[in-house]
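Below, each chain spelled out in residue letters.
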Amino acid sequence: MATNAAAKCPPPMKATSNGVFQGDDPLHFALPLVIIQICLVVVLTRVLAYLLRPLRQPRVIAEIIGGIILGPSALGRNKKYLHAVFPPRSLPVLDTLANLGLLFFLFLVGLELDPKSLRRTGKKALNIALAGISFPFALGIGTSFALRATISKDVSEGPFLVFMGVALSITAFPVLARILAELKLLTTDIGRMAMSAAAVNDVAAWILLALAIALSGTGRSPILSLWVFLCGLGFVILCIFICPPIFKWMARWSSEGESVNEVYVCATLVAVLAAGLVTDLIGIHALFGAFVLGVLVPKEGPFAGALVEKVEDLVSGLFLPLYFVSSGLKTDIATIRGAQSWGLLALVIFTACFGKIVGTVVVARFSKVPLREALTLGFLMNTKGLVELIVLNIGRDRGVLNDQAFAIMVLMALVTTFITTPIVMAIYKPARMARSEYRHRTIQRKEASSQLRLLTCFHTTRSIPTLINLMEASRGTANRGRLRVYAMHLMELTERSSAILMVHKARKNGLPFWKKGQENDPNHLVVAFEAFQQLCQVSIRPTTAISPMSTMHEDICTSAETKRTAMIILPFHKTPEARWTIRDYAGRVEACEPQGPRARPVLCRHLG
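Taking an unreviewed UniProt entry as the reference, the chain is identified by name as Cation/H(+) antiporter 18 belonging to Sesamum radiatum. For the chain, the Sequence similarities (unreviewed entry) comment in UniProt is given as "Belongs to the monovalent cation:proton antiporter 2 (CPA2) transporter (TC 2.A.37) family. CHX (TC 2.A.37.4) subfamily." Within the UniProt record for the chain, the comment given under Subcellular location (unreviewed entry) is "Membrane".

Okay, structure coming up:
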């Protein structure tokens, strides 16, 4: 019997073929097949992302849907297609590439979390984060009893309870950053509070997931699970003491404006692989080592940005979509059949939304957050994403989730993330800022001692010298404070905009350039304004606009109105492409409301 069974096993796939002219079928060789799979996945997910763009959905939605379409739920129902494009022999290669890409993506996710900002998290955001974890976690445990009584009778009780609690309590930090940027809420108070709470939630979710993995080993004794967890904790402590000094030394030798030494980048990426290997040997998961290492990399300076630039495009563009396909191949919606299964799906979705939203709203209201803002925070904290799929896939691979429970949880993650953007757009329309005592919206005024406010916009360093010259000519000889300049950094939001950059900019939005007791900012743009502010009698406040070019004028107009500025200064670049773009949104700025003889600020375009 064993000999017959072994004879039926297909031979392993060779890496490359001799070509179609030699009679070889490319679909029977690993490299041509994986190239076809990557191209198919990337094209499908990009088309879906383009179709979902009017709904302002994050790309993760398109990638989840694309994975489900390519899997047995849709196209995979055709067995001929499934065995030709995704044959069982190719799945180990596909899963290996997907997990390798995921390893580096989790390193990027760790880069986006700043431990310093976690320590500075306000009490209000901390309470919201704790409520957004504990209440859904408790409801997830309650829901798990209903699932175990019906469709998951054969799973281990302890790990299943923890996995369900973690799955319902997660908030996707990178996806939330993208949604806030798309809705122009990233630099608002509610956006900063949501990001702070999501960062705390993300760290807590990874700790709980490590505990769940330690408990989920097949046939393990409690002592062995405890040993795995303690070894993982020891690895984290060891990294905290060893890695930061090395990374800080690398960052210190990486000067602003110069390319980071390739040796440093290569050494860091090898360290990511080594950390993943160590955590995999411990028995937690290789992803944890990469995530921990990303958290420990210093976020200030060009070093973190260089790592993102080197890794992000290849990982996010090519390898990461493979993970969604790998997940989609395991998701069979057809297993959800009958009134009971669909009722359980509705129960899980309702429990996930109810736990996050109600827990967040109640604590936010106790913290004196207005009801509309509290509801918005609740829906924002309900955002799921890639981390949710990671939890579910680990649970399925370890036998904690069966096929039906896995499909239900994937659909829950898809629905809860999909509804976030439209609901937030419907319920949260930021009220107009209360009109301040500053009433001057024109350059000419009767009292020469009154304050003049300018909104100056810049893309790159090319505009900085002219802006400083213009401020020098406008400040006059009066006492400090007669001229206030809002320096707005115009940042284009693209598909490759990393959350680390967006969050770092949003965290400093609207704060003075210089404060006693703070370390100097290494950004040369900030240094230029900081030096001018201290040498001259000018008050300068930085602001940031993170938007697509097509809607950049809305940020400029909104800031001009809320800051009650008398003049908007736009850069005017010398390249033909940039000149058209700046002219385009300069015209839109001129056409923006409010209208009227004294309502619209003066628009000035200067040569950068």
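Alright, that's what it looks like, and here's the rest.
K.L.:
So what's going on with the overall build of the chain? Residues and values would help.
P.N.:
Each helix and strand in the chain was counted, giving 24 helices and 5 strands. Burial analysis of the chain (608 residues in total) assigns 52% to the buried set. Considering only contacts within the chain whose residues lie at least 6 apart along the sequence, 79% involve residues at least 24 apart. Only carbon and sulfur atoms are counted for the fraction: they give 63% of the accessible area of the chain, which is about 28500 Å².

K.L.:
Break down the pairing of strand β2 (residues 483–492) for me, citing the residues and quoting the values.
P.N.:
Extensive coverage of β2 is indicated by the burial of 8 of its 10 residues. The sheet contact formed by strand β1 (residues 452–458) and β2 spans 7 bridges and is parallel. Its bridge partner being in β2, L455 is matched across the sheet by Y486. Looking at chain direction, β2 and strand β3 (residues 539–547) are connected through 9 bridges and run parallel. By the bridge assignment for β3, M491 is matched with I546.

K.L.:
Run through helix α20 (residues 464–474), naming residues and quoting values.
P.N.:
Listed as buried for α20 are I464, L467, I468 and M471. Viewed end-on, α20 has its buried residues packed into an arc of 95°, placing them on one side of the element. Summarising the geometry of α20, the exposed residues directed more than 90 degrees from the buried face are N469 and A473.

K.L.:
Run through the packing of aromatic side chains, naming residues and quoting values.
P.N.:
For any pair of aromatic rings, the description rests on two quantities: the centre-to-centre distance and the angle between the ring planes. The tally for this structure, following the rule as stated, stands at 7 aromatic pairs. Each ring, one from F135 and one from F354, has its centre 6.3 Å from the other, and the planes form 50°; the classification is tilted. Taken as a pair, F135 in helix α7 (residues 123–148) and F354 in helix α15 (residues 338–366) lie far apart in primary sequence, 219 residues in all. When its relative accessible area of 37% is taken as the criterion, F354 is described as partly exposed. Relative to Y264, the ring of W249 lies with its centre 5.6 Å away and its plane at 70°, an arrangement referred to as edge-to-face. Placement of the pair is W249 in helix α11 (residues 222–252) and Y264 in helix α12 (residues 262–282), with a sequence separation of 15 residues. Here W249 falls in the partly exposed class, since its relative accessible area comes to 40%. Linked through ring pairs, F135, F350 and F354 together constitute an aromatic cluster. The residue whose ring lies beneath R396 is F406, and the NZ or CZ to ring-centre distance is 5.8 Å.

K.L.:
With reference to specific residues and values, describe the side chain of T420.
P.N.:
Among the secondary structure elements, T420 is positioned in helix α19 (residues 420–427). When neighbours within four sequence positions are excluded, T420 is seen to be in contact with I179, F379, L380 and T383.

K.L.:
Outline the pattern of salt bridges, supporting the account with residue identities and numerical values.
P.N.:
Considering all chains together, one arrives at 3 salt bridges under this definition. In this structure, the salt-bridge partner of R59 is E63, at a minimum N-O distance of 3.5 Å. One end of the pair is R59 and the other is E63, both in helix α3 (residues 59–70) and 4 residues apart, which spans about a single turn. Each member of the pair R59 and E63 is classed as buried. For the salt bridge of D403 with R396, the shortest nitrogen-to-oxygen distance reads 2.8 Å. For R396, a relative accessible area of 25% translates into the label partly exposed.

K.L.:
I'd like a rundown of unusual backbone geometry, residues and numbers included.
P.N.:
Although it is not a glycine, R56 sits at a positive phi angle of roughly 60°. With a phi angle near 65°, K368 is a residue other than glycine that sits in the positive phi range. As for its position among the elements, K368 is in the loop between α15 and α16 (371–381). Taking relative accessible area as the criterion, K368 reaches 76% and is therefore assigned exposed.

K.L.:
Can you explain the packing of helix α17 (residues 386–397) against helix α18 (residues 403–418)? Please cite residues and give values.
P.N.:
Contact pair α17 / α18: the axes reach a minimum separation of 10 Å and the direction vectors enclose 180°. As far as their axial angle goes, α18 and α17 are roughly antiparallel. On α18, the residues touching E388, L389, L392, N393 and R396 of α17 are D403, F406, M409, V410, M412 and A413. Across the contact of α17 with α18, the residue classes tally to 7 nonpolar, 1 polar and 3 charged.

K.L.:
Report on the pairing of β1, specifying residues and quantitative values.
P.N.:
Regular strands place side chains that alternate from one sheet face to the opposite one. Burial within β1 is extensive, with 7 of its 7 residues counted as buried. Burial of β1 is two-sided: the residues L452, L454, T456 and F458 facing one way and the residues R453, L455 and C457 facing the other way are all buried.

K.L.:
Tell me what's going on with helix α8 (residues 157–169), and back it up with residues and numbers.
P.N.:
The first and last C-alpha atoms of α8 sit 19 Å apart over 13 residues, in line with the 18 Å expected at 1.5 Å per residue. Summarising burial for α8: 11 of the 13 residues are buried, a large majority. Within α8, burial applies to P159, F160, L161, V162, F163, M164, G165, V166, A167, L168 and S169. Against α7, α10 (189–215), α15, α17 and α18 lie the buried residues of α8.

K.L.:
Residue-level account of the side chain of Q57, with values.
P.N.:
Mapped onto the elements, Q57 comes out in the loop between α2 (30–52) and α3. A polar side-chain atom of Q57 sits 2.9 Å from the main-chain carbonyl oxygen of F418. Once residues lying within four places of it in the same chain are set aside, the contact partners of Q57 are L52, T417, F418, T421 and P422.

K.L.:
Give me the nonpolar core: which residues, what numbers.
P.N.:
F86, L106, L209, F303 and I390 are the most contacted members of the largest nonpolar core, which has 145 residues in total. No other element matches α10, which puts 15 residues into this core. Beyond its immediate stretch of four places on either side in the chain, L209 contacts F163, V166, F288, V391 and I394. In this structure, L483, C536, V538 and I540 belong to the second largest nonpolar core, which totals 18 residues.

Criteria and cut-off values
- Residues numbered from 1 in each chain as written.
- Predicted model: local features only at pLDDT ≥ 70, side-chain atom pairs only at ≥ 80, totals over all residues.
- Heavy atoms only, no water.
- UniProt positions renumbered as here; feature names shortened; annotations may be inferred.
- Helix = DSSP H or I, 4+ residues; strand = E, 2+ residues; numbered from the N terminus.
- Buried < 20%, exposed > 50% of the residue type's maximum accessible area, 1.4 Å probe, protein only.
- Contact = heavy atoms within 4.5 Å.
- Areas by Shrake-Rupley, 256 points an atom, 1.4 Å probe, with all protein chains shown as cover.
- Pairing = 2+ DSSP bridges.
- Arc of directions from axis to C-beta.
- Phe/Tyr/Trp six-rings, centres within 6.5 Å; stacked < 30°, edge-to-face > 60°.
- Lys NZ or Arg CZ within 6 Å of the ring centre and 35° of its normal.
- Salt bridge = Lys/Arg side-chain N within 4 Å of Asp/Glu carboxyl O.
- Axes fitted to C-alpha atoms, helices over the stretch in contact; angles between N-to-C directions.
- Parallel < 35°, antiparallel > 145°, perpendicular 65-115°, else oblique.
- Nonpolar A, V, L, I, M, F, W, Y, C, P; charged D, E, K, R; others polar.
- Expected span 1.5 Å × (residues − 1).
- Polar contact = N/O pair within 3.5 Å; in protein donor to acceptor, adjacent residues only side chain to side chain.
- Core = buried A, V, L, I, M, F, W, Y, C linked by side-chain atoms within 4.5 Å.

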